[in-house]
Amino acid sequence: MSRRTDKRKTAGAGAPATCTVTVCRGCCCGTPKIPGVDHAGQLAALRRAVPDGARVRVTGCLDACEQANVVVVQPSAAGRAAGGRPVWLGLVNDPDAAQDIADWIEAGGPGLADPPGVLDLYAFSPSRRVRAELPEG
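Note that the structure is a prediction, hence the values are computed from the model and not measured.

What counts, and at which threshold
- Residues numbered from 1 in each chain as written.
- Predicted model: local features only at pLDDT ≥ 70, side-chain atom pairs only at ≥ 80, totals over all residues.
- Heavy atoms only, no water.
- Core = buried A, V, L, I, M, F, W, Y, C linked by side-chain atoms within 4.5 Å.
- Buried < 20%, exposed > 50% of the residue type's maximum accessible area, 1.4 Å probe, protein only.
- Helix = DSSP H or I, 4+ residues; strand = E, 2+ residues; numbered from the N terminus.
- Contact = heavy atoms within 4.5 Å.
- Pairing = 2+ DSSP bridges.
- Right-handed = clockwise from strand over helix to strand, strands pointing away.

## Concerning the nonpolar core
Item 1. V21, L46, I101 and I105 are the most contacted members of the largest nonpolar core, which totals 21 residues.
Item 2. For this core, the elements supplying multiple residues, two or more each, are strand 1 (20-24), helix 2 (39-49), strand 3 (71-74) and helix 4 (97-107).
Item 3. No other element matches helix 4, which puts five residues into this core.
Item 4. Beyond its immediate sequence surroundings of up to four residues, L46 is in contact with V21, V23, V56, A98 and I101.
Item 5. By size, the runner-up hydrophobic cluster in this structure holds 13 residues, among which are C24, I34, A64 and V130.

Quick look at the structure:
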């Protein structure tokens, strides 16, 4: 049995879709250009911390290099229906940020729950061109 099958089984056939977390690992994010950060550890912690059903995926450069490391939290279908939109988080270099993001997703994520106050410090608005390049969740 593949891991993919196991994950779907864990989430349950009728389980609602949850948030998708996109982690930039392009030309700057996740590289030695951002010193003092355990980039592999950060990604592993995020994957461990998010609730079952939430997806963590890695993408190439999101073209917001001045904000490295960049993480985008995309709302669930219910969150989008409630008006939630993707939230771009930049300078996500603190080891505790993964848990803050996971706690927000556990509470419902964009559109359904306010983020922990500390995440407001990370939020930024990329250009429309950059936002349009984010793969759909």
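## Looking at unusual backbone geometry
Across residues other than glycine, the phi torsion is negative in most instances, and most of the peptide bonds are trans.
Item 1. Residue A68 is joined to N69 through a cis peptide bond whose omega torsion reads 0°.
Item 2. The phi torsion at D63 lies on the positive side, around 60°, for a residue other than glycine.
Item 3. Tracing the sequence through the fold places D63 in the loop between strand 2 (55-59) and strand 3.
Item 4. Note on D63: relative accessible area 35%, which makes it partly exposed.
Item 5. Even without glycine at this site, L91 takes up a positive phi of about 60°.
Item 6. Tracing the sequence through the fold places L91 in the loop between strand 4 (87-89) and helix 4.

## Some points on the pairing of strand 1
Item 1. With five of five residues buried, strand 1 lies mostly within the body of the structure.
Item 2. In this sheet, strand 2 lies alongside strand 1 in parallel orientation, the contact comprising five bridges. The residue of strand 2 that forms the bridge with T22 is R57.
Item 3. Taken together, strand 1, helix 2 and strand 2 form a β-α-β motif whose crossover is right-handed.
Item 4. The pairing of strand 1 with strand 3 spans four bridges and is antiparallel. Counted as the bridge partner of T22 is V72 from strand 3.

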